[in-house]
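# What the coordinates show
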There are 4 protein chains.
Amino acid sequence: MKIKAGIIGATGYAGAELVRLLLSHKEVEIKWLGSKSYVGQQYASVYQNFFQLIDDKCMDEQIEQLAEQVDVIFMATPQGLCSSLINEHILSKVKIIDLSADFRLKDVTVYEKWYKIKHQSPEFLEESVYGLCELYGEKIKSARLVANPGCYTTCSILSCYPLVKEGIIQPETLIIDAKSGTSGAGRGAKTDNLYCEVNENIKAYGVGTHRHTPEIEAYLGEACQKQLTISFTPHLVPMNRGILITAYASLQKQVTQQEVRDIYQKYYQDKNFIRILDPGICPQTKWVEGSNYVDINTIIDPRTNRIIIMGALDNLVKGAAGQAIQNMNLMFGLPESEGLTYAPLFP
Amino acid sequence: MKIKAGIIGATGYAGAELVRLLLSHKEVEIKWLGSKSYVGQQYASVYQNFFQLIDDKCMDEQIEQLAEQVDVIFMATPQGLCSSLINEHILSKVKIIDLSADFRLKDVTVYEKWYKIKHQSPEFLEESVYGLCELYGEKIKSARLVANPGCYTTCSILSCYPLVKEGIIQPETLIIDAKSGTSGAGRGAKTDNLYCEVNENIKAYGVGTHRHTPEIEAYLGEACQKQLTISFTPHLVPMNRGILITAYASLQKQVTQQEVRDIYQKYYQDKNFIRILDPGICPQTKWVEGSNYVDINTIIDPRTNRIIIMGALDNLVKGAAGQAIQNMNLMFGLPESEGLTYAPLFP
Amino acid sequence: MKIKAGIIGATGYAGAELVRLLLSHKEVEIKWLGSKSYVGQQYASVYQNFFQLIDDKCMDEQIEQLAEQVDVIFMATPQGLCSSLINEHILSKVKIIDLSADFRLKDVTVYEKWYKIKHQSPEFLEESVYGLCELYGEKIKSARLVANPGCYTTCSILSCYPLVKEGIIQPETLIIDAKSGTSGAGRGAKTDNLYCEVNENIKAYGVGTHRHTPEIEAYLGEACQKQLTISFTPHLVPMNRGILITAYASLQKQVTQQEVRDIYQKYYQDKNFIRILDPGICPQTKWVEGSNYVDINTIIDPRTNRIIIMGALDNLVKGAAGQAIQNMNLMFGLPESEGLTYAPLFP
Amino acid sequence: MKIKAGIIGATGYAGAELVRLLLSHKEVEIKWLGSKSYVGQQYASVYQNFFQLIDDKCMDEQIEQLAEQVDVIFMATPQGLCSSLINEHILSKVKIIDLSADFRLKDVTVYEKWYKIKHQSPEFLEESVYGLCELYGEKIKSARLVANPGCYTTCSILSCYPLVKEGIIQPETLIIDAKSGTSGAGRGAKTDNLYCEVNENIKAYGVGTHRHTPEIEAYLGEACQKQLTISFTPHLVPMNRGILITAYASLQKQVTQQEVRDIYQKYYQDKNFIRILDPGICPQTKWVEGSNYVDINTIIDPRTNRIIIMGALDNLVKGAAGQAIQNMNLMFGLPESEGLTYAPLFP
């Protein structure tokens, strides 16, 4: 008996990636492809890669009706939608995996400050579980509502967590310089995301104000038991997929490269999707493309007494759809890596 | 009991794609990763996407030794190697799927003229089977030696075959203008294939002399029972993967768009990997990326009495490694699409 | 005394390229940057490459007012606008170089059929001069109204003209397969032109129906004194700039490669911007990027008795703004190459 | 009477960019195109963009002979060559602009440590002038030997200098995260720089060890009168040209955004090629492509008490050839911007 899944927001890039991955997931059946903009159109006419693989039409986004028909709903929608639709009745019927930011931040004032919208169902904030599987796997297993982490956030937290948690770095010195492929900007038709504007170009954006910042601060702050403030700067890179973060922090204590490796092993050795690269090897986004892996490595710079932490993932997979499925696997008692074991695509 | 597979030339792009696809093929176990240039090195250090997925080192390319250990050998090597290594003893022990050109052309003089090397084992030319699965599937099933078609060739023949075979077009008017991603040029370190030379650039190459030409002529000529001479011009496009062919031919008889569609249906309706797109939709290479699909469509231009035939595939999958696995499936009695059913990656 | 120039449509890509080139033209002063969408905004805030180089704001597009203030107006606007604005009063005051299609086709019925709009001032069709400088230079010198050719058209006509004119090829066999960078699609915010949709992708579009087709047919038809019908297929390539055409035609008579070269020399040896490449060298778009050059070469394929003709140019320069300035130079008695002599940018 | 210029290393990307820019420089005549690898070949066959623009063949690299014939020699060669060739006799005859690292670092032990080669003419280190025109313009005017700064260095120093010099930031907190286009890696045929390896990919490299680090430290250290140690991490970005640096530093004192702007104005208001962007606008490499401009801006992040400094330039122009010409202009008493005033190319 397969898990019946519905997707709201199936025609965005993250939604389409959910579809791609779920199609090969042997325990899941996609029952509902919701899309506000394309109701009634063939889904495969919106994403022709699915031609002859999917016959369904896009459905509207009636969550009540959907909750009757499926076991899990993925919300691949803009902030504010999930929190405005959700209620106890729905949650009693169906598990929700929200790819938006609505339930990522436990502190509603922080959410409302950074997202500049009023939270519509703060009563579920406590119940919701932050879906960073490698850190909150146990809680996720019994959750009804999972907040799937942001793409930058997943890469940043997983890359830095062990060093923050173990007190190896001075957390307030943490600076994260992040580089993202353009699919992170979504499929909306905006001049800034046109081919000719992005190609042969690189820029920072949202300097000091990007909304993934408080999310990183919250969970790394939890790790070091501090109110944490960090620098986070995203950049737009001319490529479709991939996030690379390069993080800088001052060492709290003297450590060797091997000690650092041991710490990462301690946290991640049994984690399927985290790969600590060999000494001296810098992560490259191409090495994880299309896969759910996060590649991480660190280099201690004795000249500056800093450690440089690098992490790479595919923003649409481990940064969105893949992680959502990893969460689903945990929530339904499946092996965590079910449907997610494909090797990265290179070149 | 899994099929044991060896790859000679595993560190080229086609070889690495074989590895990627075979890793997810549940009936196959990779036993031997041969590579002349990297003997003794960790395979995953040459292709870091396989880090922690493959622990094996690169082996030398001793085909005799390899034939004792595996059930099938994939030769992802330059022209001339397979024909120089093969013999009856080897073929009696192991099935060979040759991704090079050595056994694609039945006429040894044509081979020697276009490839400018002497064929080392013409005695196997008759036995060898041309591995274009959709057309020669029955013969492939019992073959010991399969000549896996070229990437341009696969796209060109599959796209044009029904119209040639049915006498819809005048075959001698056929002009194929092909566009390929850069992975087709291989991983050799050449100035012409540097990022800065390929990026923001497009060019034709091998005009009138590309070696896939006689291969296309041979098999389309077989379809129309003629000695065929066509125009074929490849172009290098700034993208990693993908081949698009745009072919032009004068109509032999008056046909409607629907009649043409019916002909394609007749040949391909039960073929897993050929998708005849809806009327008016032009194939795009991105829609087949990472998959074994070939997307085909045609448009009749009544003004010129020509038909424009378009086909798209991923040169490393259906144009190389995917088709090789499709051949293997047929040769070992597996379902033809085993291990090849993944949806294309978009974007 | 400098020529005073106004641009209507200055915030499209072609308009911005006009601005870039005119800024370095020592005989011209830009007086008016018209833009329907950005009236009142700093031009340099729309194109930040001009920051501190241009202080002007975008003006509305009042052609009457503009005609009082300038010597030449460049219309870098959608089809239909120029023909709706122009009149004898304006033409008596100012020279017009129209980068749209309005005056390219002398036959108004052909225009209305392909563009599907009614022509608003057919009375100027006879007077207007087709601004393909290498062929119509003498007429352009005394023109009041010049129709700047399309980008595909310029590349196609210049590449094929000598062979058509001299009866070397059978003109009705001509097939032009064209490949264009994405700036040709303009700066409008459309999903199809998003980075993620164009990158790592190639496709044909407008098959059998592209509007540059009748323009090519008209002027090549004039060359061979025939009503000409050809095949023309454009493709979208993942690069910002550049057009490459690969054209195929059957030879009308036996010619040697040297005879063909001599014919091209006859037509183009004194043309500044046409470069007939050395034998065997295929044009590449990167070699003309940012410049007004057209690189052309041909290869005779004795196997098929066809000749393959290749041409490359920068669609925004020789295909739009550069040619417009070349026209202006001719119209104002300046050296044809004034302000256009820069070497291409590589890489 | 034009300045006669020779280039040693004319067939690298920086050398070719020198050629491109000098061709349009009305006071200069190129007399010698030296290239070890291509001696005797037509220069325009190595860089076909110069076809019909340059008839010269590549010459060998005999500096003694060259010094007799020209007024200035540009050395666009690997480290170690210039210092091994130079002597008093040569310097007495010709001005040298060295684009390599040989004379950038005044401290020979630092040079030998980072470059791992012995310096062949340390006796000229004191005399040589660091060719960062905006800071050392006066000294450059009378120099015989100019050390043209590195590409990363130019961008880093110019972006950060005013804040370091004025004590606004704590210099030892400075972290520079740099992103470069691939032309910075040169035209050598290396697997790592192949199209398929760079495209759709981003990575850090040389973490903690990149050779531009001590150069940045030396000149920013001079500004703050300290032995400075900073973090510098370069990244390879899939684009041909462009460097973006994103730098982070803790504020030394409370300043407003306006005060910071005033400081930049103080240093750069009369500098032709430095553009301090409007408040809130982040530099983009595309906005300076093909030009000699450096775009700079800063954003104060009150949450972290850090300032984020961003700078963008074209690595082949202001980061190499353009700056070399700017140096030449100063050395020969020409206007600093002669031959360098072109607007950036967009898109």
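Per chain, residues are indexed from 1 in the order of the written sequence. Chain A is the first chain written and ligand 1 is the first ligand written, with later ones labelled in order. With pLDDT at 70 or above as the cut-off, local features in this predicted model cover only qualifying residues; side-chain atom pairs require 80 or more to be listed or tallied, and sums for whole chains, interfaces and linings still use all residues. Side-chain numbers come from the whole structure's heavy atoms, not from hydrogens or water.

For chain A, the helix and strand inventory stands at 12 helices and 13 strands. The contact criterion used is simple: two residues touch if any of their non-hydrogen atoms lie within 4.5 Å. A separation of at least 24 residues holds for 70% of the contacts in chain A among residues at least 6 apart in sequence. As displayed, chain A has an accessible area near 11,100 Å², and 47% of this comes from carbon and sulfur atoms. Helix and strand assignments come from DSSP, with helices taken as H or I runs of at least 4 residues and strands as E runs of at least 2, each series counted from the N terminus. The protein chains shown are the only cover counted for residues, whose accessible areas, like all others here, come from Shrake-Rupley with a 1.4 Å probe.

The next point concerns the relation of the copies chain D and chain A. Fitting of the copies onto one another was done by least squares over C-alpha atoms, counting residues only where both copies have pLDDT of at least 70. With an axial shift of 0.0 Å and an RMSD of 0.0 Å, the rotation relating chain D to chain A amounts to 180 degrees. The superposition operator between the copies reduces to a two-fold rotation axis. By C-alpha distance to the rotation axis, the residue of chain D lying nearest is D:Pro238, at 3.3 Å. Both copies share a contact surface, since 100% of the interface residues of chain D are interface residues in chain A too.

For the rest of this paragraph, the subject is the side chain of C:Lys318. Residues and elements named next belong to chain C. Take Lys318: it is sitting in helix H12 (residues 317-331). Burial classification: accessible surface area is computed with a 1.4 Å probe over protein chains only, and a residue below 20% of its type maximum counts as buried, one above 50% as exposed, and the rest as partly exposed. For Lys318, a relative accessible area of 0% translates into the label buried. We define a polar contact as two N or O atoms separated by no more than 3.5 Å, with the added condition that, inside protein, one atom must be a possible hydrogen donor and the other a possible acceptor, whereas residues neighbouring each other in sequence contribute only through side-chain atom pairs. For Lys318, the side chain forms a polar contact with the side chain of Glu134, separated by 2.9 Å. With residues up to four places along the chain from it excluded, the contact list for Lys318 reads Glu134, Thr154, Leu158, Ser291, Asn292, Tyr293, Val294, Leu313, Gln323 and Gln326.

On to the relation of the copies chain B and chain D, then. Between chain B and chain D, which share one sequence, the superposing operator has a rotation angle of 180 degrees and an axial displacement of 0.0 Å; the RMSD is 0.0 Å. The fraction of interface residues of chain B whose copies in chain D are also interface residues reaches 100%, indicating that both copies meet through the same surface.

We now examine the interface of chain D and chain A. Taken together, the contacts link 48 residues of chain D with 48 residues of chain A. When the two sides are added together, the surface that chain D and chain A hide from each other amounts to roughly 3,900 Å², 56% of it contributed by carbon and sulfur. The salt bridge criterion pairs a side-chain nitrogen of Lys or Arg with a carboxyl oxygen of Asp or Glu, the two atoms within 4 Å. Across the chain D-chain A interface, the total number found is 4 salt bridges. With a shortest N-O distance of 2.4 Å, D:Arg303 and A:Glu217 are connected by a salt bridge. Run the count over chain D and chain A and you get 26 residue pairs in polar contact (both at pLDDT 80 or more). Of all the secondary structure elements, the ones that give two or more residues to the side of chain D that touches chain A are strand E7 (175-180), helix H9 (195-198), strand E8 (203-204), helix H10 (213-224), strand E9 (231-236), strand E10 (243-250), strand E12 (294-301) and strand E13 (306-313) of chain D. Of all the elements, E7(D) adds the most residues to the side of chain D that touches chain A, at 4 residues. A per-class count over the side of chain D that touches chain A returns 21 nonpolar, 14 polar and 13 charged. Once two parts are joined, some of their accessible surface, as seen by a 1.4 Å probe, is lost; buried area is that loss totalled over both. Each residue gets one of three labels, nonpolar for Ala, Val, Leu, Ile, Met, Phe, Trp, Tyr, Cys and Pro, charged for Asp, Glu, Lys and Arg, and polar for the others, Gly among them.

Let's shift gears to the confidence of the model for chain A. The predictor attaches a confidence to each residue, called pLDDT, with possible values from 0 through 100. Overall, the prediction assigns chain A a mean pLDDT of 97, with 100% of residues at 70 or greater. The complex prediction reports pTM at 0.98, with the ipTM value standing at 0.97.

This part takes up the packing of aromatic side chains. Residue and element names in this part refer to chain C. Geometry of aromatic contacts follows a simple scheme: Phe, Tyr and Trp rings, the Trp one being its six-membered ring, pair when their centres are within 6.5 Å, and the pair is stacked under 30 degrees between planes, edge-to-face over 60, tilted otherwise. Applying the stated rule across the entire model yields 48 aromatic pairs over all chains. Between the aromatic rings of Tyr136 and Tyr219, the centroid separation amounts to 5.9 Å while the plane-to-plane angle is 70 degrees, which identifies the pairing as edge-to-face. Taken together, the positions of Tyr136 in helix H7 (residues 133-141) and Tyr219 in helix H10 (residues 212-224) put the pair 83 residues apart, joining distant regions of the chain. The criterion is that NZ of a Lys, or CZ of an Arg, lies within 6 Å of the ring centre and within 35 degrees of the ring normal, and then a charge sits over that ring. One Lys or Arg, Arg187, reaches over the ring of Tyr47 and ends 4.2 Å from the middle of that ring.

Here 7 strands make up an open sheet; going across it, the order is E8-E9-E7-E10-E13-E12-E11 (chain C) and the pairing mixed. What marks the edges here is a single partner per strand, and that holds for strand E8 (203-204) and strand E11 (274-276) of chain C. When DSSP finds at least two bridges between two strands, those strands are taken to pair.

Turning our eyes to something else, we now look at the environment of D:Leu251. The topology assignment puts D:Leu251 in the loop between E10 and helix H11 (257-268). With residues up to four places along the chain from it excluded, the contact list for D:Leu251 reads D:Ile168, D:Ile169, D:Gln170, D:Ile300, D:Asn305, D:Arg306 and D:Ile307.

Our focus in this paragraph is the sheet that holds strand E6 (residues 145-147) of chain A. Pairing within the open sheet is parallel, and its 6 strands lie in the order E2-E1-E3-E4-E6-E5 (chain A). The open sheet is flanked by strand E2 (28-34) and strand E5 (129-130) of chain A, the only strands paired with a single partner.

A word on unusual backbone geometry. Each neighbour pair has its own omega, and for C:Phe346 with C:Pro347 the value is -5 degrees, a cis peptide bond. Its place among the elements puts C:Pro347 in the segment after H12. Within the chain, A:Glu200 stands out as a residue other than glycine whose phi angle is a positive 55 degrees. Despite not being glycine, D:Lys116 has its phi angle at roughly 55 degrees, a positive value. By the secondary structure assignment, D:Lys116 is in the loop between helix H6 (108-115) and strand E5 (129-130).

Facing 19 residues of chain B, the contacting portion of chain D comprises 19 residues. Both faces considered, chain B and chain D share a buried interface measuring about 1,700 Å² in area, 55% of it formed by carbon and sulfur atoms. Of all residues in chain B, B:Leu194, B:Tyr195 and B:Cys196 bury the most surface against chain D, accounting for 40% of the area lost on that side. The interface formed by chain B and chain D contains 2 salt bridges. The residue B:Arg187 makes a salt bridge to D:Glu197 at a minimum N-O spacing of 2.8 Å. Where chain B touches chain D, the interface holds 12 residue pairs in polar contact (both at pLDDT 80 or more). If you tally residues by element for the side of chain B that touches chain D, the top one is helix H9 (residues 195-198) of chain B, at 4 residues. Across the side of chain B that touches chain D, the residue classes break down as 8 nonpolar, 7 polar and 4 charged.

We now examine the environment of B:Lys26. All names here are of chain B. Position of Lys26 among the secondary structure elements: in the loop between helix H1 (13-23) and strand E2 (28-34). In this structure Lys26 comes out as exposed when scored by relative accessible area, which is 53%. Sequence separation between Lys26 and Lys2 is 24 residues; the distance between their C-alpha atoms is 7.9 Å. For Lys26, the side chain forms a polar contact with the side chain of Glu27, separated by 3.5 Å. At 3.4 Å, the side chain of Lys26 and the side chain of Glu338 are in polar contact.

This part covers the pattern of salt bridges. Following the criterion strictly, the structure yields 80 salt bridges over all chains and no others. In this structure, B:Lys226 engages B:Glu172 in a salt bridge whose closest nitrogen and oxygen atoms are separated by 3.7 Å. Here B:Glu172 lies in the loop between helix H8 (151-165) and strand E7 (175-180) and B:Lys226 lies in the loop between helix H10 (213-224) and strand E9 (231-236), a separation of 54 residues in the sequence. In this structure B:Glu172 comes out as partly exposed when scored by relative accessible area, which is 40%. For C:Lys93, the salt bridge goes to C:Glu68, with nearest N and O atoms at 2.7 Å. Residue C:Lys93 is located in helix H5 (residues 88-93), and its partner C:Glu68 is located in helix H3 (residues 63-69); the two are separated by 25 residues in the primary sequence.

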